[in-house]
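Fold and contact review
Okay, here's what each chain looks like letter by letter:
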Amino acid sequence: MLSVVLGGLRVRWASFLGAFLALALGVGLLTATGLGLAAALDPPAHAPERFASSPVVVLGQDRLTVEVRRGPGTALVSRPLDRPQPVDTAVLRELRARWTLTERPADPSDTAAAHPDAVGLDAPAARVRALVGDRAQVLTGDERRRADPGHERDGQELTGLNALLGTAGGVAAFVSVFVVASVFAFSVALRRREFGLLRTAGATPGQVRRLLLAEAAVLGVTASAAGCGLGALAAPPMARALVARELAPGWFAAVSGGTAGWPYQLAFWTGLGVALAGAAAAAHRAGRTGPTAALREADVDRDVLPPGRALLGAGLLAAGLGMLVWTYATEPEALLKRKTYTTLPMLLTGGAALLAPLLARPAARLLPVPRGGAVGLLVRANGAAAVRRTAAVAAPVLVTVALAGTLSGASESVARAKETEARDRTSAAYVAERREVTLPGRTPAGTVVAASGPTSLFVRDGAEAVVKYRARAVADPAAFAELARLPVVAGDLRDLDDRSIVVNEEFERRWVGEEVEVWRADGSGPVRLRVAAVLARGTGDNGPYVTRAQAPGSRLDRLESNRPLAADAGPAAAPPAANRAARLGLRLLLALALLYTVIGLAGTLLMATSVRGGELASLRLAGATRAQALRAVTGEALLAVAIGTVLGLAVTAVVLGALGAGLAALSAPVALAVPWAWTGAAAAVCAVVAVAAPALPAWRLSR
């Protein structure tokens, strides 16, 4: 059996080249992203910066710990504070009485050194812990990095990096499954005469199935091994590129060699599993091939959609549509999250790709074909008759266009809604936004100035959880109420004062006059604040709002005014449409999907054209010129690309329609961004490949 398998792979190597490249690329990306995730989950050791010369660091409490209900009992939950609390004055006094302390402000511009959040000292750690107790934290070794000013930022970057790498790996696995499965399915369709001859010679259905699975196993092992080596080589430069683009901390480096073995294991066995899963359905179909298939010459495909594939495709479509409807009905704000608009479209895309053979024939008959006499008629007829070939080309195009449309369209639509909401949130004619702004001492008569800064609030969500909210602290509630144009659904912004809060509809307690128990950004509290007004949820940036009395340590970073104040204050503007990390991640995912599609298209079209020698010869004998035969072949490929593009745009329309409905349900601006540039670029690249890939073999075979 092995000799037969190896001999078949050697003879038909060109047919499996696309699947090999796609699988090796997918495993390589999984390996590289796995190594990056391993480094992010277990960061490499690097020396602390702020207290590098101090073996012991005493750090103020940097987490809020609250008791909540857990079943019949209670439990403690912790949430990170915006910044560590100052070290207790009594602790500092006792430490200074025994040892020499090193004090370095986390922010060099901060001159309030009388209440430092951390101090360093050279003393036995056990004695320091005995003295400090639970009034502060005692850090040694690598833990001293928690006192570095960039520690929280590094954690946020690592969290974003985990999301980026995890999504890239998921898309790699998703697209490679379709490419490999499509290659094997189309290969079986082209080899039905071969399998019929094997059955005529006495081969059993089980032997035919084992033959195909053995081919897939050999392909999977070799491609996965090559991909692991490729990923090991790509991981270090990938890490350097992430650092250079400020998507990872400066000390970040992907692990290499045998430092972390699980990424290699995961990538290798995933690649092998993808190959076997992609060949399983094709092997089952090949085993059902009867001896009479050796006599078949017709190119009209029948039974192109097996019941199992139809059931799976319909199930994925139903699951995707059902989850979209359920999410819209129960939690519309989830539609705006990257996790949702990245994963749910994959269900719809997968279902549509599986049902492509069912949709290809009517689409080929309905789509307009340029007038070209007999060539145009032949293109339409062949596209509708050779459904397997049409669907094999249309499916990867569908996946790419759908991913380009849903990912970029949803991301830009959410960003555009946030921009519009930010513009509509104020009536100020001039806005200044910097790291820190200062209130003007005197302003001309009639000038209204509203200043605010970022802070955090910790709020109980029922009795079982504590939620951290990003809030805004306003300096002058009256000026804020005069300039703000927030979507108030209850109450009045003018009632905001030092003992009240403006919440949004996401809060459990959201009735005007109710009291909300909150902890401040530094962990102090709890305090009870009265609800002065309630805002619509919007895109997630509507509140809460408090005064600066409830935001200790908050710095003003935004000035709004009805008149110009300074040279660096300009007309009110919204923030950028999307941050650099999100845009770079999106481009990476779309480039990856497009690369897979190019490989799949080229391999499928080369394989399909290589067996059409008899058909092209018949065309020449019927009077067709060589150029006409070439136009017929490339025209069929372009028709299949058009079918895949239309189906991909249909998936995009469904996803963006659900997103628009979710924005409307949240009372947020519905500003959908139709990604014509992304989908057009994807379709154009696919069209170029569809013309180039079959042109050379068709020109050679039509001699």
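Residues numbered from 1 in each chain as written. Predicted model: local features only at pLDDT ≥ 70, side-chain atom pairs only at ≥ 80, totals over all residues. Heavy atoms only, no water.

**So, the overall build of the chain**
- If you tally the helices and strands in the chain, you get 18 helices and 16 strands.
- Counting the 703 residues in the chain, one finds 49% classified as buried.
- A fraction of 81% describes how many contacts in the chain between residues 6 or more apart in sequence connect residues 24 or more apart.
- Accessible surface, the chain: about 31900 Å² in total, of which carbon and sulfur atoms supply 60%. (Helix = DSSP H or I, 4+ residues; strand = E, 2+ residues; numbered from the N terminus. Buried < 20%, exposed > 50% of the residue type's maximum accessible area, 1.4 Å probe, protein only. Contact = heavy atoms within 4.5 Å. Areas by Shrake-Rupley, 256 points an atom, 1.4 Å probe, with all protein chains shown as cover.)

**Things to note about the packing of aromatic side chains**
- Tallied over the full model, the rule gives three aromatic pairs.
- Considering the side-chain rings of Y469 and F507, the 4.4 Å spacing of their centres and the 20° angle between planes classify their relative orientation as stacked. Of this pair, Y469 sits in strand β9 (residues 465-474) while F507 sits in the loop between β11 (500-504) and β12 (515-519), and the two are 38 residues apart along the sequence.
- Owing to a relative accessible area of 12%, Y469 belongs among the buried residues under this scheme.
- Exposure remark for F507: the relative accessible area of 2% places this residue in the buried category. (Phe/Tyr/Trp six-rings, centres within 6.5 Å; stacked < 30°, edge-to-face > 60°.)

**Brief notes about helix α16 (residues 613-621)**
- Burial in α16 covers these residues: E615, L616 and L619. Down the axis of α16, the buried side of the element spans an arc of 95°, and every buried residue falls inside it.
- Phi turns positive one or two residues past the end of α16, at G623, with a value near 110°. (Arc of directions from axis to C-beta.)

**Regarding the nonpolar core**
- In this structure, V171, V175, L336, Y596, I643 and L659 are the most contacted members of the largest nonpolar core, which totals 52 residues.
- Counting only elements with at least two residues in this core, the list comes to α2 (13-41), α5 (151-190), α10 (338-354), α11 (356-366), α12 (374-385), α13 (387-424), α15 (580-610) and α17 (626-665).
- In this structure, V171 is in contact with M346, L403, L589 and L592, ignoring residues within four places of it in sequence. (Core = buried A, V, L, I, M, F, W, Y, C linked by side-chain atoms within 4.5 Å.)

**Digging into the confidence of the model for the chain**
- Per-residue confidence for the chain averages 81 on the pLDDT scale, and 86% of its residues sit at or above 70.
- For the chain, per-element mean pLDDT is lowest for strand β16 (residues 570-571), which scores 44, and highest for strand β14 (residues 545-547), which scores 95. (pLDDT = per-residue confidence, 0-100.)

**Looking at the pattern of salt bridges**
- The tally for this structure, following the rule as stated, stands at 18 salt bridges.
- As a salt-bridge pair, D497 and R530 come within 3.7 Å of each other at their nearest N and O atoms. Highlighted residues: D497 in the loop between β10 (488-491) and β11 and R530 in strand β13 (residues 527-535), separated in sequence by 33 residues.
- Between R528 and E515 there is a salt bridge, with the nearest N and O atoms lying 3.0 Å from each other. (Salt bridge = Lys/Arg side-chain N within 4 Å of Asp/Glu carboxyl O.)

**As for a nonpolar patch on the surface**
- A cluster of nonpolar side chains, namely L41, W262 and L266, defines an oily patch on the protein surface of about 340 Å² accessible area.
- Turning to its location among the elements, W262 is positioned in helix α8 (residues 262-287).
- Taking relative accessible area as the criterion, W262 reaches 41% and is therefore assigned partly exposed. (Patch = residues over 30% accessible without salt bridge, like charges linked within 9 Å, V, L, I, M, F, W, Y side chains within 5 Å.)

**A closer look at the side chain of T31**
- You can see T31 is positioned in helix α2.
- Residue T31 is classed as buried on the basis of its relative accessible area of 0%.

**So, the side chain of E636**
- Position of E636 among the secondary structure elements: in helix α17.
- Residue class for E636 comes out buried when judged on its relative accessible area of 8%.

**Comments concerning the packing of α11 against α17**
- Orientation of α11 relative to α17, taken along the N-to-C sense of each, is 110°, at an axis distance of 10 Å. Taken together, α11 and α17 sit at an angle that is classed as roughly perpendicular. For the pair α11 and α17, the sense of crossing is right-handed. Facing α11, whose interface residues are L359, A360, A363 and A364, α17 presents L639, I643 and L647. (Axes fitted to C-alpha atoms, helices over the stretch in contact; angles between N-to-C directions. Parallel < 35°, antiparallel > 145°, perpendicular 65-115°, else oblique. Left-handed = near helix turned anticlockwise from the far one by under 90°.)

**Re the pairing of strand β1 (residues 56-59)**
- Alternating positions in β1 separate into two faces, V56 and V58 on one and V57 and L59 on the other, with burial throughout.
- Two strands pair when backbone bridges link them, and β1 and strand β6 (residues 137-140) are joined in this way by four bridges, in the antiparallel orientation. In the sheet register, V57 faces β6, and the bridge partner there is L139.
- By the bridge criterion, four bridges tie β1 to strand β5 (residues 118-121) in an arrangement that is antiparallel. Pairing of V58 across the sheet is with V119, part of β5. (Pairing = 2+ DSSP bridges.)

**Remarks on a negative patch on the surface**
- On the surface, a cluster of negative charge is contributed by E331, D461, E464, E506 and E508.
- Position of E464 relative to the elements: it lies in the loop between β8 (449-461) and β9.
- Its relative accessible area of 41% is what places E464 among the partly exposed residues. (Lys, Arg positive; Asp, Glu negative; His and termini not counted. Charge placed at Lys NZ, Arg CZ, Asp CG, Glu CD.)

**Side note on unusual backbone geometry**
- The phi angle at S667 is positive, at roughly 60°, despite the residue not being glycine.
- As for its placement among the helices and strands, S667 is situated in the loop between α17 and α18 (676-701).

**Some thoughts on the environment of V183**
- Within the element layout of this structure, V183 appears in helix α5.
- For V183, a relative accessible area of 1% translates into the label buried.
- Along the backbone, V183 and M607 are 424 residues apart, and their C-alpha atoms lie at a distance of 9.1 Å.

**Description of helix α9 (residues 307-330)**
- Taking 1.5 Å of rise per residue, the 24 residues of α9 would be expected to cover 34 Å, and the 33 Å separating its terminal C-alpha atoms lies within 8% of that figure.
- Inspection of α9 places G313, G320, L324 and T327 among the buried residues, and these make up the whole buried set.
- As for α9, its buried residues are in contact with α10 and α17. (Expected span 1.5 Å × (residues − 1).)

**Some thoughts on the sheet that holds β1**
- Judged by pairing direction, the sheet is antiparallel, and its four strands sit side by side in the order β4-β5-β1-β6 without closing on themselves. Each end of this open sheet is capped by a strand with a single partner; those strands are β4 (101-102) and β6.
- As paired strands, β4 and β5 are joined by two bridges and run antiparallel to one another. In the strand pairing of β5, L101 is matched with L121.
- Packed on one face of the sheet, helix α4 (residues 125-132) meets β1, β5 and β6 and runs near 170° to β6.

**Let's talk about the environment of P332**
- Relative to the helices and strands, P332 resides in the loop between α9 and α10.
- Among the residues examined, P332 registers a relative accessible area of 7% and is labelled buried.
- Sequence spacing of P332 and A661 is 329 residues, and the spatial spacing of their C-alpha atoms is 8.3 Å.
- Beyond its immediate stretch of four places on either side in the chain, P332 contacts T327, R537, G662, A665 and L666.

**Remarks on the environment of T33**
- One can find T33 in helix α2.
- T33 sits in the buried class, given a relative accessible area of 4%.
- Expressed as a C-alpha distance, the spacing of T33 and M238, which sit 205 residues apart in the sequence, is 8.8 Å.
- If sequence neighbours within four positions are ignored, T33 has contacts with L165, A168 and G169.
- Separated by 2.8 Å, the side chain of T33 and the backbone oxygen of L29 make a polar contact. (Polar contact = N/O pair within 3.5 Å; in protein donor to acceptor, adjacent residues only side chain to side chain.)

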